[in-house]
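Below, each chain spelled out in residue letters.
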Amino acid sequence: MMPDKIWWTMKDLEQATGYGRKWLLQNILMRPEYRSVLDIENGGPVYYPECMGDMWKFIASGMKEFLEKYFGDILRYDRRHKWQRTKKEAAG
């Protein structure tokens, strides 16, 4: 169990969700419809790195709230994406 933190790192987010960095980036953090909600510049709980070597930062409570609110949408998107990728690979 992860101790209560006010801020999370990417590793903390990975631990909290059980998903790796690549999956989190592809299915949540870099999706435009979520980025507009998540970006700290828009009042969201995520600090997006601005340059190489900069670190992701998350306000833990806000990120938890977002993950709970969009849980179904995130997983439905992941299933659709995997299905589309599999379909394309089979056709290719």
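Structure report, in brief.

Criteria and thresholds
- Per chain, the residues get numbers from 1 upward, laid out in the order the sequence is written.
- Under the rules for a predicted model, residues below a pLDDT of 70 receive no local features and side-chain atom pairs below 80 are neither given nor counted, while totals for whole chains, interfaces and linings still include all residues.
- The side-chain values count all of the structure's non-hydrogen atoms but skip hydrogen atoms and water molecules.
- Helix and strand assignments follow DSSP, with helices taken as H or I runs no shorter than four residues and strands as E runs no shorter than two, numbered in order from the N terminus.
- Three exposure classes are used, based on accessible area relative to the maximum for each residue type with a 1.4 Å probe and protein chains only: buried under 20%, partly exposed in between, and exposed over 50%.
- Contacts are assigned to residue pairs with any non-hydrogen atoms lying within 4.5 Å of each other.
- Accessible surface is estimated by sampling points in the Shrake-Rupley manner with a 1.4 Å probe; for residues, cover comes only from the protein chains shown.
- The nonpolar core is taken to be a set of buried Ala, Val, Leu, Ile, Met, Phe, Trp, Tyr and Cys residues, with the residues joined through side-chain atoms within 4.5 Å.
- Here, a strand pair is defined by DSSP locating no fewer than two bridges between the strands.
- Definition of a polar contact: a pair of N or O atoms within 3.5 Å, with one able to donate and the other able to accept a hydrogen when the atoms are protein atoms, and with sequence-neighbouring residues admitted only if both atoms are side-chain atoms.
- Any two of the Phe, Tyr and Trp rings considered here, Trp counted by its six-membered ring, make a pair once their centres fall within 6.5 Å; the pair's planes then place it as stacked at under 30 degrees, edge-to-face at over 60, or tilted in between.

In terms of helices and strands, the chain carries five helices and three strands. Ordered by position in the sequence, the α and β elements of the chain form the string β-α-α-α-β-β-α-α. Counting across all 92 residues of the chain, residues that qualify as buried make up 29%. Across the chain, contacts joining residues at least 24 apart in sequence account for 48% of those joining residues at least 6 apart. Entry remark: accessible area of the chain is about 6,600 Å², with carbon and sulfur atoms responsible for 57%.

The topology assignment puts Met63 in helix 4 (residues 60–69). Residue classification places Met63 among the buried residues on the basis of a relative accessible area of 0%. C-alpha separation for the pair Met63 and Trp7, spaced 56 residues apart in sequence, amounts to 9.6 Å. Sequence-distant contacts of Met63, defined by excluding residues within four places in its chain, comprise Trp8, Leu13, Ile28, Leu29, Leu38, Pro45, Val46 and Phe58.

To continue, consider the nonpolar core. Grouped together as the largest cluster of nonpolar side chains are 19 residues, with contacts concentrated most on Leu13, Ile28, Leu29, Leu38, Phe58, Met63 and Phe66. Phe66 has contacts with Ile28, Tyr34, Val37, Leu38 and Ile74, leaving out every residue within four places of it along the chain.

As summarised here, the arrangement of the three strands in space is 1-3-2, forming an open sheet in which the pairing is antiparallel. The sheet is open, and its two borders are formed by strand 1 (7–8) and strand 2 (46–47), each paired with just one other strand. Strand direction decides the pairing type here: strand 1 and strand 3 (residues 57–59), joined by two bridges, are antiparallel. What sits directly across from Trp8, in strand 3, is Phe58.

Before going further, it helps to examine helix 1 (residues 10–17). Of the positions making up helix 1, those classed as buried are Met10, Asp12, Leu13 and Glu14. As for helix 1, its buried residues are in contact with strand 1, helix 2 (21–29), strand 3 and helix 4. Regarding helix 1, its N-cap is Thr9, as a side-chain oxygen of that residue lies 3.3 Å from the backbone nitrogen of Lys11 further along. Where helix 1 terminates, the next one or two residues include Gly18, which has phi positive at roughly 85°.

This structure, assessed with the given rule, holds six aromatic pairs. Where Tyr19 meets Trp23, the ring centres are 3.7 Å apart and the plane angle is 20°; that geometry is what we call stacked. Its relative accessible area of 31% is what places Tyr19 among the partly exposed residues. Between Phe66 and Tyr70, the aromatic rings sit 4.6 Å apart at their centres with planes inclined by 35°, giving tilted as the arrangement. Across the pair, exposure class does not vary: Phe66 and Tyr70 are buried alike.

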